[in-house]
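Tertiary structure, described
Read off the chains here:
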Amino acid sequence: MATTVTHLKAQLGAAAPASRATQDAPWVRWSLIGVALVFLGFFLVLPLAAVFTEALRKGIALYFQSFTDADTLAAVRLTFLTAAIAVPANVVFGVAAAWCITKFNFKGKSLLITLIDLPFAVSPVISGLIYVLVFGLQGWLGPYLDAGTHPWLGDWLNQQDIKVIFAVPGIVLATIFVTFPFVARELIPLMQAQGTDEEYAAITLGASGWQTFRRVTLPNIKWGLFYGVILCNARAMGEFGAVSVVSGHIRGETNTMPLQVEILYNEYNFVAAFAVSSLLAMLAMVTLVLKSLIEWRYAQSRATHD
Amino acid sequence: MSSVRSSRSVLPGFGLSLGFTLAYLGLIVLVPLLAAFIRTSEMSWADFVTAVASPRVLASYKLSFGASFLAALVNSFFGLIVAWVLVRYSFFGKRVVDALVDLPFALPTAVAGIALTAIYANNGWVGGWMEPVWTAAVAKLDAWMPWASWKDWLGLKIAFDRPGVFIALTFIGLPFVVRTLQPVLEELEPELEEASASLGANRWQTITRVIFPELLPALITGFAMAFARALGEYGSVVFIAGNMPMHSEITPLLIITKLEQYDYHGATAIAVVMLVSSFCLLLLINLLQKWSRRHHRV
């Protein structure tokens, strides 16, 4: 028995050089894993741990007390409201853009795809600034929003109590801008890969356009759509720079959760700042879990299709 | 198939979806962006130059571009290792680590900012022992080479100084290099390495001469994406930077400062400079991706 084992070992030893040439030595492997984990530990795990540690520093009672503050609750509500408008708006846009880009041929398509990605290249601060330039009092539409210069329109708008900058509409617009590409850029490659054959079949068999979309296209893209939605939502709820420029920081009125974090932090109310942060950190973790689940599911479905 | 692919398609909704797409894109993205350029064109050339090239603004460009470049460089190095480890090796908890790489995309920047500040401040978990070491090292460098003014370049503290800017920018750029390298590494054919090894190359030669050139286009793309993202970053940096004018003030913060002083033209002029540089980077990234795709088809 022992001789067979040594014999086998000798055989394996003879085969080893080939695999050693395409595989890294154990010490290389473990030191690279070590370097990667230490780097990620310093930059990812520590910040996440710090949020919860700082939030609970003065005990669990004070942690929960942070959420009884009226301004904080208003910030939570505004964050949900903003996401509830921005995400569906970008879903409708993303589906429409992906439909015309992937199901039809037209000139300037690649330019259109580049333009859709444009908001990702713009600094959050600039994303807010450009809305101030359009809607602010010194902006293009500002004079129309000001009752003094254009009484008829201004009066009407004042009666409707419409204000864009330093108000909720500006926050929603800036959020739509920064989350603009998320859904479209998930759907475009997915629908491109799926082609148009199934839709043609449905139309040929007499389905209407809406039926085709709902019964054929939507089931095919639902996971990609969901993926885009959770990424879009995470960014919409967490956006800071763009919203900060247009919000005006009116307590209890135009502060979203990230802006509330800033205010509490600057007042040295660290427990409350980190408590609100912990909610956002939990949102981030839920986002990552859902994202991984969809990726895993997608990999599995692709494996069974192959 | 060719008749199907002609301009007249059987599928409905082309006019509606394209019309809506263009209108929405125009109203939400293009018109507001155009406003920045038109606002700037109202300025005289002399005013524009004063706005975008005053000493304080120039100092902010140096910091923003320099720290973003350095952060993207560090991310390229560690991102390469992380991507390699995640694709090639198996270890306990690998899937959690893989998911965690996207944290900087998912965690709001303000939260990242205050969390990093808490860790790297001089009473924090890391800053507590790192700051004295850093201060001593910079002071020693400064004494050794006084002409190089290391104190101004490197800062004496970690949080509330220049190293803080670098740390925040490294955090937010972290996923880009990993995520652009991962698919390329996964598709890399093992035959390449086997051929290289059977032709007598040792492991180091195989990695530097065969694998690395294959990864280079994706690595540069990831670098450029991390750099572009860092350049515009605001939320995570303002908490940790200390924001001293001429020293640790990034360009996006300067735009906000000008806006708060109702200097709309000044703010917009700087914004236009930043927009033009990020559009150039976007163009470069697109070209790199084309190059990378062609590189891989051959």
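Computed from a predicted structure; not experimentally measured.

Residues and elements named next belong to chain A. Remark: helix α4 (residues 70-103) packs on helix α10 (residues 182-194), axes separated minimally by 8 Å, with the N-to-C direction vectors making an angle of 30 degrees. Taken together, α4 and α10 sit at an angle that is classed as roughly parallel. Relative to α10, α4 is oriented so that their crossing is right-handed. Packed against α4, whose contacting residues are Asn90, Val91, Phe93, Gly94, Val95, Ala98, Trp99, Ile101, Thr102 and Lys103, the element α10 presents Val183, Ala184, Leu187, Ile188, Met191 and Gln192 at the interface. Split into classes, the residues belonging to the contact of α4 with α10 amount to 11 nonpolar, four polar and one charged.

All names here are of chain B. According to the stated counting rule, one finds 18 salt bridges over all chains in the structure shown. Of the charged contacts in the structure, one is a salt bridge between aspartate 98 and arginine 179, with a shortest N-O distance of 2.9 Å. Placement of aspartate 98 in helix α4 (residues 94-100) and of arginine 179 in helix α9 (residues 162-187) is noted, with a sequence separation of 81 residues between them. Using a relative accessible area of 23% as the deciding quantity, one classes arginine 179 as partly exposed. The partner of glutamate 193 in a salt bridge is arginine 203, and the shortest N-O contact between them spans 3.2 Å.

Across its 30 residues, helix α12 (residues 209-238) of chain A extends only 37 Å between first and last C-alpha, which sits more than 12% below the 44 Å expected from 1.5 Å per residue. The largest bend in α12(A) comes to about 60 degrees, at A:Leu218, with the proline A:Pro219 one to four residues further on.

The interface of chain A with chain B comprises 89 residues on the first partner and 88 residues on the second. Taking both partners together, chain A and chain B bury about 8000 Å²; carbon and sulfur atoms supply 80% of that area. One can count two salt bridges joining chain A with chain B. The salt bridge partner of A:Lys291 is B:Asp102, with a shortest N-O separation of 2.4 Å. At the surface where chain A touches chain B, the tally comes to 10 residue pairs in polar contact (both at pLDDT 80 or more). The greatest single-element share of the side of chain A that touches chain B, amounting to 21 residues, is contributed by helix α2 (residues 26-55) of chain A. Looking at side-chain class alone, the side of chain A that touches chain B contains 64 nonpolar, 16 polar and nine charged residues.

Our next topic: helix α11 (residues 197-204) of chain A. All names here are of chain A. Listing the buried residues of α11 in full gives Glu199, Tyr200, Ala202 and Ile203. The buried residues of α11 all sit within an arc of 160 degrees when viewed along its axis, so they share a single face. Those residues of α11 hidden inside the fold are in contact with α4 and α12. Positive backbone phi, at 100 degrees, marks glycine 206, one or two positions downstream of α11.

Here the focus is the domain arrangement of chain B. In many analyses, interface size is given as the accessible surface area lost on bringing the parts together. Residues and elements named next belong to chain B. For chain B, the domain assignment lists domain 1 (1-41) and domain 2 (53-121 + 159-297). On a C-alpha basis, the centres of domain 1 and domain 2 stand 31 Å from each other. The interface of domain 1 with domain 2 comprises five residues on the first partner and eight residues on the second. Across the domain 1 to domain 2 interface the summed buried area is about 580 Å²; carbon plus sulfur atoms make up 81%. Among the residues domain 1 hides against domain 2, the three largest losses belong to Phe37, Arg39 and Thr40. Together they make up 74% of the total. Linking domain 1 with domain 2 are zero salt bridges, by the criterion used here. At the junction of domain 1 and domain 2, the tally comes to zero residue pairs in polar contact (both at pLDDT 80 or more). For the side of domain 1 that touches domain 2, the per-class residue count stands at three nonpolar, one polar and one charged.

So, how was this worked out
- Residues numbered from 1 in each chain as written.
- Chains lettered and ligands numbered in written order.
- Predicted model: local features only at pLDDT ≥ 70, side-chain atom pairs only at ≥ 80, totals over all residues.
- Heavy atoms only, no water.
- Axes fitted to C-alpha atoms, helices over the stretch in contact; angles between N-to-C directions.
- Helix = DSSP H or I, 4+ residues; strand = E, 2+ residues; numbered from the N terminus.
- Parallel < 35°, antiparallel > 145°, perpendicular 65-115°, else oblique.
- Left-handed = near helix turned anticlockwise from the far one by under 90°.
- Contact = heavy atoms within 4.5 Å.
- Nonpolar A, V, L, I, M, F, W, Y, C, P; charged D, E, K, R; others polar.
- Salt bridge = Lys/Arg side-chain N within 4 Å of Asp/Glu carboxyl O.
- Buried < 20%, exposed > 50% of the residue type's maximum accessible area, 1.4 Å probe, protein only.
- Expected span 1.5 Å × (residues − 1).
- Bend = angle between axes of the 7 residues up to and from the residue.
- Buried area = accessible area lost by both parts, 1.4 Å probe.
- Polar contact = N/O pair within 3.5 Å; in protein donor to acceptor, adjacent residues only side chain to side chain.
- Arc of directions from axis to C-beta.
- Domains from an automatic or database assignment.

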